[in-house]
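Fold and geometry: a report
Listed below, chain by chain, are the residues.
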Amino acid sequence: HCTLDTLPIQQQEDFLTMMLRGNLFGQATNFAALGLDESGNKVLLQYYHPNKPTYKEFHNAVEDFINTVDYWQGQIKSHPAAL
C-alpha cells in the first residue's frame, strides 16, 4: 500500500469521480485499489496479490504498482485544484 498525496480540496467531486473510474475494471490502477484514509484527507493505493507469486510475477507486480503510484501522484499534482 502507498499514501499518494492529500486529496485535492477544490473540485473534489471531479477527482473522486476520476478515482472511481480508475478503479473500474482495474484499468487505470493495474488492479490495485484507490481509496481514502480514515480521515478522508489522503489518497491511498493498495494492491493485494491473491496467490503466492513466483519471483518474476512478484517483480512484475511491484513494477506495475510503482508505475501506478507514479501515474496517480501525477494525476493529483496536475488536478486543477492543485495548480
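Up top you'll find the structure we're talking about.
Of regular secondary structure, the protein chain possesses two helices and three strands. From first element to last, N terminus to C terminus, the protein chain shows the α and β order β-α-β-β-α. Referenced to the eigenvectors of the C-alpha coordinate spread, the extents of the protein chain come out at roughly 45 × 25 × 20 Å. Counting over 83 residues, the protein chain shows a buried share of 28%. Expressed as a percentage of contacts within the protein chain between residues at least 6 apart in sequence, the contacts between residues at least 24 apart total 60%.

Now for the packing of helix H1 (residues 12-23) against helix H2 (residues 55-78). Following both chains from N to C, one finds H1 and H2 inclined at 160°, their axes separated by 11 Å at the closest point. What the angle tells us is that H1 and H2 run roughly antiparallel. The hand of the H1/H2 crossing is right-handed. Packed against H1, whose contacting residues are Phe15, Met18, Met19 and Gly22, the element H2 presents Trp72, Gln75 and Ile76 at the interface. Its residues assigned to classes, the contact of H1 with H2 comprises five nonpolar, two polar and no charged.

Moving on, we get to the packing of aromatic side chains. Throughout the structure, instances matching the rule amount to two aromatic pairs. Ring centres of phenylalanine 15 and tryptophan 72 lie 6.5 Å apart, and the angle between their planes is 85°; this geometry places the pair in the edge-to-face category. Taken together, the residues phenylalanine 15 in helix H1 and tryptophan 72 in helix H2 connect sequence positions 57 residues apart. Residue classification places phenylalanine 15 among the buried positions, given a relative accessible area of 0%. Taking the relative accessible area as the measure of exposure, tryptophan 72 reaches 2% and is therefore buried.

Parameters and conventions
- Numbering of residues begins from 1 in every chain and follows the order in which that chain's sequence is written.
- Residues qualify for local features only when their pLDDT is at least 70, as the model is predicted, and side-chain atom pairs are given and counted only at 80 or more; totals for whole chains, interfaces and linings, by contrast, use all residues.
- The basis for every side-chain value is the complete set of heavy atoms in the structure, and neither hydrogens nor water enter the calculation.
- Helix and strand assignments follow DSSP, with helices taken as H or I runs no shorter than four residues and strands as E runs no shorter than two, numbered in order from the N terminus.
- Relative accessibility decides the category of a residue: with a 1.4 Å probe and only protein chains considered, values under 20% of the type maximum give buried, values over 50% give exposed, and everything between is partly exposed.
- Between two residues, a contact is recorded if the distance between any of their heavy atoms is within 4.5 Å.
- All axes here are fitted lines through C-alpha atoms, helices being fitted over the stretch that makes contact, and every angle between N-to-C directions spans 0 to 180 degrees.
- In these notes the angle categories are as follows: under 35 degrees is roughly parallel, over 145 is roughly antiparallel, 65 to 115 is roughly perpendicular, and the rest is oblique.
- Each crossing gets its hand from how the near helix is turned against the far one by less than a right angle, where anticlockwise is left-handed and clockwise is right-handed.
- Each residue receives one of three labels: charged for Asp, Glu, Lys and Arg, nonpolar for Ala, Val, Leu, Ile, Met, Phe, Trp, Tyr, Cys and Pro, and polar for the others, Gly being one of them.
- Think of it this way: a Phe, Tyr or Trp ring, Trp meaning its six-membered ring, pairs with another when their centres are within 6.5 Å, and the plane angle makes it stacked under 30 degrees, edge-to-face over 60, tilted otherwise.

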